[in-house]
Amino acid sequence: MRTWMCLICGFIYDEEAGRPEDGIPPGTRWEDLPPNWTCPDCDARKDDFQMVEI
């Protein structure tokens, strides 16, 4: 499982945790998010995220 950070606002998407409050179950991989998914904090696109080591 990987972790992705929004380069605009710093929001962290953790594949292991998912985003159940947004209908994305735990274990949802980055590539399996819908192509039009945006950052829940700033509406940045997936292209504005970078994989990070935490």
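Treat the numbers as computed from the prediction; the structure is a model and nothing was measured.

### Digging into the nonpolar core
Argument step 1. In terms of nonpolar packing, the biggest core is built from 11 residues, these being Trp4, Cys6, Phe11, Tyr13, Ile24, Trp30, Leu33, Trp37, Cys39, Ala44 and Phe49.
Argument step 2. Once residues lying within four places of it in the same chain are set aside, the contact partners of phenylalanine 49 are Trp4, Met5, Cys6, Phe11, Trp30, Trp37, Cys39 and Ala44.

### So, the UniProt feature "binding site: Fe cation" (unreviewed entry) in the protein chain
Argument step 1. UniProt's feature table lists "binding site: Fe cation" (unreviewed entry) at Cys6, Cys9, Cys39 and Cys42, given in the numbering used throughout. Across 37 residues of sequence, these annotated residues stay compact in space, with a maximum C-alpha separation of 8.8 Å.
Argument step 2. Turning to its location among the elements, cysteine 39 is positioned in the loop between strand E2 (12-14) and strand E3 (49-52).
Argument step 3. Setting aside residues up to four positions removed in sequence, cysteine 39 forms contacts with Cys6, Cys9, Phe11, Ala44 and Phe49.

### Quick notes on the pattern of salt bridges
Any two side chains of opposite charge can pair, so long as their charged atoms come close to each other.
Argument step 1. Within this structure, the stated rule accounts for five salt bridges.
Argument step 2. Taking the shortest distance from any N to any O, the salt bridge between arginine 2 and glutamate 31 comes out at 2.5 Å. One end of the pair, arginine 2, is in the segment before strand E1 (3-6); the other, glutamate 31, is in the loop between E2 and E3, and 29 residues separate them in sequence.
Argument step 3. For arginine 2, a relative accessible area of 29% translates into the label partly exposed.
Argument step 4. Note that arginine 29 is salt-bridged to glutamate 15, the shortest N-O span being 3.4 Å. Highlighted residues: arginine 29 in the loop between E2 and E3 and glutamate 15 in the loop between E2 and E3, separated in sequence by 14 residues.
Argument step 5. In this structure arginine 29 comes out as partly exposed when scored by relative accessible area, which is 33%.

How each quantity is defined
- Counting restarts for each chain, with residues numbered from 1 along the sequence as it is written.
- Local features in this predicted model are restricted to residues of pLDDT 70 or higher, and side-chain atom pairs are both shown and tallied only at a pLDDT of 80 or more, whereas totals for entire chains, interfaces and linings draw on every residue.
- Note: side-chain values were computed over all heavy atoms of the structure, leaving out hydrogens and water.
- By nonpolar core we mean a set of buried residues, namely Ala, Val, Leu, Ile, Met, Phe, Trp, Tyr and Cys, connected to one another through side-chain atoms within 4.5 Å.
- When a residue's accessible area, from a 1.4 Å probe over protein chains only, is under 20% of the maximum for its type it is buried; when over 50% it is exposed; and in between it is partly exposed.
- Any two residues whose heavy atoms approach within 4.5 Å at even a single point are treated as in contact.
- UniProt positions are given in the numbering used here, feature names are shortened, and annotations may be inferred rather than shown by experiment.
- The helix count covers DSSP runs of H or I at least four residues long, the strand count covers runs of E at least two residues long, and both are numbered beginning at the N terminus.
- The term salt bridge refers to a side-chain nitrogen of Lys or Arg lying within 4 Å of a carboxyl oxygen of Asp or Glu.

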